[in-house]
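Each chain, written out:
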Amino acid sequence: MALIVQKFGGTSVADIEKIENVARKVIKTKEEGHDVVVVLSAMAGETDRLINLVHQADNEPDGREYDAIISTGEQVTVSLLAIILKKLGFAAKSFLGFQGRILTDQAHKKARILSIDTKILREELQNGVIVIVAGFQGVDKDNNITTLGRGGSDTTAVALAAALNADRCDIYTDVDGVYTTDPNICSKARKINRISYDEMLEMARTGAKVLQPRCVELAKKYEVAVYVKSTFTDNDGTLVTKEDKYMEKEVVSGVTYDRDQAKITVVHVPDKPGVASRLFTPLAQHNIIVDMIIQNASIEGFTDLTFTVSRKDIKAAHKLVKKVAKEIGAKNVEVDEDVSKVSIVGVGMAGHSGVAAKMFSALANEGINIMMISTSEIKISCVIKAKYTELAVMILHEALGLSKD
Ligand code: ADP
Ligand code: ASP
Ligand code: MG
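Residues numbered from 1 in each chain as written. Chains lettered and ligands numbered in written order. Predicted model: local features only at pLDDT ≥ 70, side-chain atom pairs only at ≥ 80, totals over all residues. Heavy atoms only, no water.

Here's the deal with the overall build of the chain
- Helices and strands together make up the secondary structure of the chain, namely 12 helices and 18 strands.
- A compact globule built from 405 residues would reach a C-alpha radius of gyration of about 22 Å, and the chain, at 23 Å, matches this within 12%.
- Taken along its principal axes, the extent of the C-alpha atoms in the chain is 75 × 50 × 35 Å.
- Across the chain, the fraction of contacts at a sequence separation of at least 24, relative to all contacts at a separation of at least 6, is 74%.
- Put simply, the chain shows about 18900 Å² of open surface, and 49% of that area lies on carbon and sulfur atoms.
- Each charge sign in the chain was given a centre, from 51 positive and 54 negative side chains, and these centres are 2 Å apart. (Helix = DSSP H or I, 4+ residues; strand = E, 2+ residues; numbered from the N terminus. Rg over C-alpha atoms; globule rule 2.2 N^0.38 Å. Contact = heavy atoms within 4.5 Å. Areas by Shrake-Rupley, 256 points an atom, 1.4 Å probe, with all protein chains shown as cover. Lys, Arg positive; Asp, Glu negative; His and termini not counted. Charge placed at Lys NZ, Arg CZ, Asp CG, Glu CD.)

Take a look at the structure:
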């Protein structure tokens, strides 16, 4: 008998019929003799609807109330599943984040899980109850409801799997695994059977939204075996695990994209010590994550500094940077929201030369201009005009030999 955590995403619980389908899957696992902890997202589109509602009330809403509202989608799905399971004769009980003792820090909208006191959930499991936990939410030390960032139910599932020492964490979604690129925009994408934590982490961080980055970080840290599979087919999925000899040693294993990018350029900045620190410290203090940064070569003591942030942070970042730019004597601050980031990821890249050149020529051949470049040992990212995103993904997938025949 094993303990299995099963997480179902928004499209898997989009209506009552789909929740009934989830119930059948859960029952199958339970009847095989396993203990089951289910983690659910809100119905597809519901979190977006709630966010939109909040923004109609206030463009810069209070974080505490924002989280209290946008976490409600999950409250509905967990109770609906519990009701359906009970109707079918199974003991089941729903838990919101605070009821499941999921303690987080106080960073509203992007809280991190600090600990989970599993005593209550374990007692329920021992009594044969199917435990259903609302994804995406927790509670801070002052009893405020928090949320874990978009896609955060994945993280709830892996954190619970780690805390309960589960044998497996199954992530059920609307595609049947992790692909070499988003199968919804590239028909030639191939399913990956096994992928290492490191590669999956880089793919998630650069935009492959099939798993939330924080969930992969936790899976790696606690060595949770994560199995990504489809709710709607019985096809084999993708196992995310430690690097092993069964993995294909591709130089590049995936192409990702991230449309959630906006670019800020501080023009004609005096090139002297302390300037970057003055610009970026206020952003850090406001919890704004800066992704790529480039500084141009200095000409006659002046330079341009360009960086990217998430689109949702652009207004706040612009305001902060404009203030500092004035103080340090920069000429101007320009904002460009019409950009996206395409990346190639692969652990094999570290020992290979020529991959970057291949990427840059593939983009150049299509006339796609590269505005910014950043690299790590296992990824190369380029910022390009947003309208070329899908084209860039497809040509890179082809040029790097990832397409299926
Ligand atoms: P869920 O609601 O189940 O959490 P998400 O929409 O968050 O589902 O994630 C699944 C989606 O991730 C897929 O529909 C697909 O479009 C997208 N995706 C992006 N990159 C990849 C990839 N490399 N492999 C699989 N899916 C991907
Ligand atoms: N419902 C949340 C979201 O849409 C969490 C999740 O789906 O994982 O982001
Ligand atoms: Mg998701």
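Looking at the site of ligand 1
- Looking at ligand 1, there are 17 residues lining it, with Thr-173, Asp-174, Tyr-179, Asp-182 and Asn-184 nearest.
- Residue Thr-173 places a side-chain N or O atom 2.6 Å away from an oxygen atom belonging to ligand 1.
- In this structure, an oxygen atom belonging to ligand 1 sits 3.4 Å away from a side-chain N or O atom of Lys-209.
- The protein chains hide 88% of the 580 Å² of surface that ligand 1 would expose on its own.
- Tallied by class, residues from the shell around ligand 1 come to 7 nonpolar, 6 polar and 4 charged. (Near = heavy atom within 4 Å. Polar contact = N/O pair within 3.5 Å; in protein donor to acceptor, adjacent residues only side chain to side chain. Nonpolar A, V, L, I, M, F, W, Y, C, P; charged D, E, K, R; others polar.)

Quick look at the sheet that holds strand S3 (residues 92–95)
- Here we have 8 strands laid out as an open sheet, ordered S3-S6-S2-S1-S9-S11-S12-S10, and mixed in their pairing. The sheet is open, and its two borders are formed by S3 and strand S10 (194–196), each paired with just one other strand. Recorded for the sheet is a direction-independent mean angle of 20° between the axes of neighbouring strands.
- Across 5 bridges, the pairing between strand S9 (residues 168–173) and strand S11 (residues 226–230) is parallel. Residue pairing for S11: Thr-173 is matched across the bridge by Ser-230.
- Seen against the sheet, helix H1 (residues 16–31) touches strand S1 (3–8), strand S2 (35–40), strand S6 (130–134), S9 and S11 and runs at an angle of roughly 170° to S1. (Pairing = 2+ DSSP bridges. Axes fitted to C-alpha atoms, helices over the stretch in contact; angles between N-to-C directions.)

A look at the environment of Glu-223
- Checked against the element boundaries, Glu-223 lands in the loop between helix H8 (213–222) and S11.
- Sequence separation of Glu-223 and Thr-241 is 18 residues, and the distance between their C-alpha atoms is 7.4 Å.
- Leave out the neighbours within four places in its chain, and Glu-223 touches Tyr-197, Leu-218 and Lys-242.
- Within polar-contact distance, the side chain of Glu-223 engages the side chain of Lys-242 at 3.5 Å.

Describing the site of ligand 2
- Taken together, Ser-41, Ala-42, Thr-47, Glu-74, Phe-136, Arg-150, Gly-151, Gly-152 and Ser-153 make up all the residues around ligand 2.
- Here a nitrogen atom of ligand 2 sits 2.8 Å away from a polar atom, N or O, in the side chain of Thr-47.
- Take Glu-74: an N or O atom from its side chain is 2.7 Å from a nitrogen atom of ligand 2.
- Protein chains shield 86% of the accessible area of ligand 2, which is 260 Å² for the free molecule.
- Residue classes in the shell around ligand 2 are distributed as 2 nonpolar, 5 polar and 2 charged.

Points about the packing of aromatic side chains
- Under the definition given, this model contains 2 aromatic pairs.
- Both rings, one in Phe-8 and one in Tyr-172, keep their centres 4.7 Å apart while their planes meet at 10°; by these two values the pair is stacked. Of this pair, Phe-8 sits in strand S1 while Tyr-172 sits in strand S9, placing them 164 residues apart in sequence. Taken individually, Phe-8 and Tyr-172 each receive the classification buried, so the pair is uniform in this respect.
- Seen from their ring centres, Phe-280 and Phe-307 are 5.0 Å apart, and the 75° between their planes marks the pair as edge-to-face. Placement of the pair is Phe-280 in helix H9 (residues 275–285) and Phe-307 in strand S15 (residues 302–309), with a sequence separation of 27 residues. Grouping residues by exposure puts Phe-280 and Phe-307 together as buried.
- Taking the ring centre of Tyr-66 as reference, the NZ or CZ of Lys-109 above it sits at 4.4 Å. (Phe/Tyr/Trp six-rings, centres within 6.5 Å; stacked < 30°, edge-to-face > 60°. Buried < 20%, exposed > 50% of the residue type's maximum accessible area, 1.4 Å probe, protein only. Lys NZ or Arg CZ within 6 Å of the ring centre and 35° of its normal.)

Side note on the nonpolar core
- One finds Val-37, Val-133, Met-200, Leu-211 and Val-226 to be the most contacted residues of the largest nonpolar core, which totals 44 residues.
- Filtering out sequence-adjacent residues up to four positions away, Val-226 remains in contact with Val-158, Cys-169, Ile-171, Leu-211, Ala-219, Thr-238, Leu-239 and Val-240.
- Ile-19, Val-38, Ala-92 and Leu-96 belong to the second largest nonpolar core, which has 22 residues in total. (Core = buried A, V, L, I, M, F, W, Y, C linked by side-chain atoms within 4.5 Å.)

Section: the packing of helix H11 (residues 355–365) against helix H12 (residues 389–399)
- Running from N to C, H11 and H12 point in directions that differ by 130°, and their axes come no closer than 9 Å. Put simply, H11 runs oblique to H12. Remark: the crossing between H11 and H12 carries right-handed chirality. Side by side, H11 and H12 meet where Lys-358, Met-359, Ala-362 and Leu-363 of the first sit next to Ala-392, Ile-395, Leu-396 and Ala-399 of the second.
- Counted by class, the contact of H11 with H12 contains 7 nonpolar, no polar and 1 charged residues. (Parallel < 35°, antiparallel > 145°, perpendicular 65-115°, else oblique. Left-handed = near helix turned anticlockwise from the far one by under 90°.)

Digging into unusual backbone geometry
- At Arg-101, a residue that is not glycine, the phi angle is positive and equals roughly 55°.
- Inspection of the secondary structure puts Arg-101 in the loop between S3 and strand S4 (102–104).
- Backbone geometry at Asn-287 places phi at a positive 65°, although glycine is not the residue there.
- Looking at the element boundaries, Asn-287 is found in the loop between H9 and strand S14 (290–295).

Keep in mind these values describe shape, not function.
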